[in-house]
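One letter stands for each residue in the lines below.
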Amino acid sequence: MHRSLRILIISHSDDDVTLIIRELHRNGYEPTYERVETAAAVTQALVKKIWDVIIACDTIPHFDISSGLKTLENSGLDIPFIVISGATSEEIAVASMKAGALDCILKGNMARLAPAIERELGVVEQRQYQTRMEGTLRHVHYYDPLTDLPNLTFLKERLQKTIITAHHESRSIALLMINLNRFSEITETFGHQYGDLLLKEIGPRIRGILHESDVIGRLGGDKFAVLLPTADVEAATQLTRTLLREMETSFLVEGVHLYIGASIGIAVFPDHGEYADLLLRRADIAMHAAKKSDLGYATYTSAMDRANPKRLALATELKHAIQKEELFLLYQPKVELKTGHIGSVEALLRWQHPERGILPPDEFIPLAERSGLINPMTLWVLGAAISQCHVCRQVGKPIVVAVNLSTRSLKDPKIIDNISNLLKTHAVPSQYLKLEITESTLMEDPRRSLEIIKRLKRMGVRISIDDFGTGYSSLSYLKKLPADEIKIDKSFIMDMDQEGIVIVRSTIDLAHNLGITVVAEGVESRDLMDQLAGLGCDEVQGNYISDLLSSDELPLWLIDTAPKNAKTIWRTAL
Ligand code: C2E
Ligand code: MG
Ligand code: MG
């Protein structure tokens, strides 16, 4: 079957055209073409019609190749540009390639034309596919699907950028954190559907009283935030009062008048914090204070931070947790879907608190980060995980152990030396250690992260990008990153709807294109595991595979349970 091909030929000779068309016919193409001779005619042709490929002959009197390429570049179109040269030496070929042509075919060697076109069309298709994918991913990563408002990722990035300009221009920025007062009452009374409809109304209502350059986003649940890029405390307070009045007015949802009201916390750059995370946290603290205040709003003060005695006590206790041996690791296996084999386990930290029982990492790692305890804590985790790796090797089950690395630890100047020393001490080869770094940690300082990761890779340590999908990293950045693995965040996996499937599929395609392995976390059922296998996912981890294993349980499980399950349960996922 002949394939159609629309060619714009830049040439002054009909002989060239005949030569080209004949060659393409011979190779199974059904070409349609137009011949032009001047740069102006090229521009016109590009506007008028869609072209698959442009072929320019280098012997036209009023036309030079580089101006043709410039015309194409200016049009913004992504069309392969191939030069056909009558010259007998490769010199001209080199010159046109330098000018930006994708290939140069010598007239004496026209057999190269069809394969060159084929190859370049493939490249364009791949590029267009990736651009589309990037567009979808970008929207998904930056917007809340329910309200289509910017999400936390968007807001954080925008805030950070705004901070940089505000810093240069010595002006202030205000951040308002808004929480609805009676939202849970409403969903309990009228159901979640009403709740969702109501949430969709909030954005437009607030938008109505904002300036064009202000940003409103939804941070999740019934929590919204507004970024005022040029406001000080007074301006922010004034707007907050107006906003509260607006929120007191009822919302009409499906014929029902709903009265909800809101509480608003205010934090201002630079007075209350000089970077995005801190401002967000402080606006949040102020919002909690606002809930208790009669005014319905509150501006952050440091007293609000100190007023949290529970947190203070925990920080002191955390300091002693390492010496008192209250920290321990649990291990979660990752299954390779094709083979059912367990290639690695992830180490997950727990704190056995003397009064409060076992605490999950989310309850103390942020605190450790803030109080500077994270580096000694990470060192402890690395030591324990590497020593566990050694134990598994000794019982004949060499597996890779993955350790989660937090933002501060990645930035720790001693981290590389520490890791290298620990590996030596426990006689574990570096490729048996994997570091899981979340996408948002990477993106906090992309250039620096890249540098550290390259150094770790040079050492032989493996790198995994954790919670992928929750912080948008650009394709070009991912390409530069020498990662071995991407872990799709469990929020996308656990309730995989139509949209989830698109995200998972495109992430897998993207990763595989870059030669990166894909792991799905949070797999709780057989169905999900089968579905992921069908989508081409390489590995899964989650409750369905195994409960979290203690350091005593892990070697036994690897010897006993894993080989049995590999044959009987896991491998059948194919
Ligand atoms: P993560 O690295 O994304 O780890 C996966 C989390 O999902 C773990 O929660 C795990 O217990 C949970 N999970 C795994 N499978 C399932 C499942 O099938 N269903 C459900 N519902 N949950 C599942 P965990 O242990 O609470 O850890 C939370 C986060 O804390 C981790 O997220 C990681 O970012 C961080 N973390 C854990 N250990 C450390 C550590 O040693 N150092 C640092 N810096 N962070 C750690
Ligand atoms: Mg992890
Ligand atoms: Mg994760």
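Just so we're clear, the structure is a prediction, and the values are computed from it rather than from any experiment.

Cut-offs and rules
Residues numbered from 1 in each chain as written. Chains lettered and ligands numbered in written order. Predicted model: local features only at pLDDT ≥ 70, side-chain atom pairs only at ≥ 80, totals over all residues. Heavy atoms only, no water. Helix = DSSP H or I, 4+ residues; strand = E, 2+ residues; numbered from the N terminus. Buried < 20%, exposed > 50% of the residue type's maximum accessible area, 1.4 Å probe, protein only. Areas by Shrake-Rupley, 256 points an atom, 1.4 Å probe, with all protein chains shown as cover. Lys, Arg positive; Asp, Glu negative; His and termini not counted. Charge placed at Lys NZ, Arg CZ, Asp CG, Glu CD. Donors = N, O, S within 2.8 Å, 3.2 Å for Na, K, Ca; no water. Phe/Tyr/Trp six-rings, centres within 6.5 Å; stacked < 30°, edge-to-face > 60°. Domains from an automatic or database assignment. Near = heavy atom within 4 Å. Polar contact = N/O pair within 3.5 Å; in protein donor to acceptor, adjacent residues only side chain to side chain. Nonpolar A, V, L, I, M, F, W, Y, C, P; charged D, E, K, R; others polar. Pairing = 2+ DSSP bridges. Axes fitted to C-alpha atoms, helices over the stretch in contact; angles between N-to-C directions. Core = buried A, V, L, I, M, F, W, Y, C linked by side-chain atoms within 4.5 Å. Contact = heavy atoms within 4.5 Å. Salt bridge = Lys/Arg side-chain N within 4 Å of Asp/Glu carboxyl O. Parallel < 35°, antiparallel > 145°, perpendicular 65-115°, else oblique. Left-handed = near helix turned anticlockwise from the far one by under 90°.

## Re the overall build of the protein
So, step 1. A count of helical and extended segments in the protein gives 24 helices and 21 strands.
So, step 2. On the principal axes, the C-alpha backbone points of the protein span a range of 90 × 65 × 50 Å.
So, step 3. For the protein, buried positions account for 49% of its 574 residues.
So, step 4. In the structure as shown, the protein presents an accessible area of about 27700 Å², 52% of it carried by carbon and sulfur atoms.
So, step 5. A distance of 3 Å separates the average location of the 64 positive side-chain charges in the protein from that of its 76 negative side-chain charges.

## Overview of the coordination of the magnesium ion (ligand 3)
So, step 1. Protein-derived ligands of the magnesium ion (ligand 3) are Asp 466 (OD), Asp 467 (OD), Glu 521 (OE) and Glu 521 (OE), with the metal-ligand distances lying across 2.0 to 2.5 Å.
So, step 2. All donors to the magnesium ion (ligand 3) come from one chain, and their sequence spacing reads D-D-x53-E.
So, step 3. The metal-metal distance between the magnesium ion (ligand 3) and the magnesium ion (ligand 2) is 4.1 Å, with Asp 466 serving as a donor to both.
So, step 4. Its relative accessible area of 5% is what places Asp 466 among the buried residues.

## Here's the deal with the packing of aromatic side chains
So, step 1. This model, assessed by the stated rule, comprises five aromatic pairs.
So, step 2. Between Tyr 142 and Phe 154, the ring centres sit 5.7 Å apart and the planes meet at 90°, which makes this aromatic pair edge-to-face. Highlighted residues: Tyr 142 in helix 5 (residues 113-142) and Phe 154 in helix 6 (residues 152-168), separated in sequence by twelve residues.
So, step 3. Seen in terms of ring centroids, Trp 351 and Phe 364 are 5.6 Å apart; in terms of plane orientation they differ by 80°. Their pairing is edge-to-face. Taken together, the residues span a long stretch of sequence, with Trp 351 in strand 14 (residues 342-353) and Phe 364 in the loop between strand 15 (357-359) and helix 13 (365-371) at a distance of 13 residues.

## Let's talk about the domain arrangement of the protein
Interfaces are often described in size by the accessible area the parts lose on coming together.
So, step 1. What the domain assignment lists for the protein is domain 1 (3-140), domain 2 (152-307) and domain 3 (322-573).
So, step 2. Between domain 1 and domain 2, the C-alpha centre-to-centre distance is 53 Å.

## Brief notes about the site of ligand 1
So, step 1. Close contacts around ligand 1 come from 23 residues, with Glu 346, Arg 350, Asp 466, Glu 524 and Asn 543 the closest.
So, step 2. Between ligand 1 and Glu 346, the relevant distance is 2.9 Å, taken from an oxygen atom to a side-chain nitrogen or oxygen of the residue.
So, step 3. One of the side-chain N or O atoms of Lys 490 is found 3.0 Å from an oxygen atom in ligand 1.
So, step 4. Protein chains bury 85% of the 800 Å² of accessible surface belonging to ligand 1 in isolation.
So, step 5. Counting residues per element, the ones that place at least two in the shell around ligand 1 are strand 14, strand 18 (462-468) and helix 20 (490-494).
So, step 6. Looking at the shell around ligand 1 residue by residue, the class counts come to eight nonpolar, six polar and nine charged.

## Points about the sheet that holds strand 12 (residues 297-299)
So, step 1. In space, the five strands of this open sheet follow the order 7-8-6-11-12, with mixed pairing throughout. Looking at the sheet topology across the chains shown, the edges are occupied by strand 7 (215-220) and strand 12. For this sheet, the mean angle separating the axes of adjacent strands, direction not counted, is 20°.
So, step 2. Two strands pair when backbone bridges link them, and strand 6 (residues 173-180) and strand 11 (residues 262-269) are joined in this way by eight bridges, in the antiparallel orientation.

## Details of the nonpolar core
So, step 1. Within the largest apolar cluster, 85 residues are counted, with the highest numbers of intra-cluster contacts made by Leu 318, Ile 419, Leu 433, Leu 435, Leu 532, Val 540 and Trp 570.
So, step 2. Looking at this core element by element, the count peaks at eight residues for helix 14 (residues 374-394).
So, step 3. Discounting residues that sit within four places of it in the chain, Leu 435 has contacts with Leu 382, Val 403, Leu 405, Ile 419, Leu 456, Val 461, Arg 462, Ile 463 and Ser 464.
So, step 4. Membership of the second largest hydrophobic core comes to 32 residues, among which are Leu 228, Leu 243, Ala 262 and Ile 266.

## A few points about the pattern of salt bridges
So, step 1. All told, the structure shown has 25 salt bridges when counted by the stated rule.
So, step 2. Between Lys 48 and Glu 34 there is a salt bridge, with the nearest N and O atoms lying 3.8 Å from each other. Pair noted here: Lys 48 is in helix 2 (residues 39-48) and Glu 34 is in strand 2 (residues 29-36), with a separation of 14 residues, a long-range link.
So, step 3. You can call Lys 48 exposed: its relative accessible area is 55%.

## Here's the deal with the packing of helix 2 against helix 3 (residues 65-75)
So, step 1. Two numbers describe how helix 2 lies on helix 3: the axes approach to 10 Å, and their chain directions differ by 30°. It follows from the interaxial angle that helix 2 and helix 3 lie roughly parallel. Our pair here, helix 2 against helix 3, has a crossing hand that is right-handed. Note on element contacts: helix 3 touches helix 2 through Thr 71, Leu 72 and Ser 75, opposite Ala 39, Val 42, Thr 43 and Leu 46.
So, step 2. Taken together, the residues that form the contact of helix 2 with helix 3 break down as four nonpolar, three polar and no charged.

## Observations concerning the sheet that holds strand 2
So, step 1. Across the sheet, which stays open at both edges, the five strands sit in the order 2-1-3-4-5 with parallel pairing between neighbours. Looking at which strands have only one partner, the edges of the open sheet turn out to be strand 2 and strand 5 (103-106). Adjacent strand axes in the sheet meet at a mean angle of 25° when their direction is disregarded.
So, step 2. Of the strand pairs in this sheet, strand 1 (residues 3-10) and strand 2 are connected by eight bridges, and their pairing is parallel. Along strand 2, the bridge assignment pairs Ile 9 with Arg 35.
So, step 3. The strands touched by helix 3 within the sheet are strand 3 (53-57) and strand 4 (81-85), with strand 4 carrying the most contacts at an inclination of about 165°.

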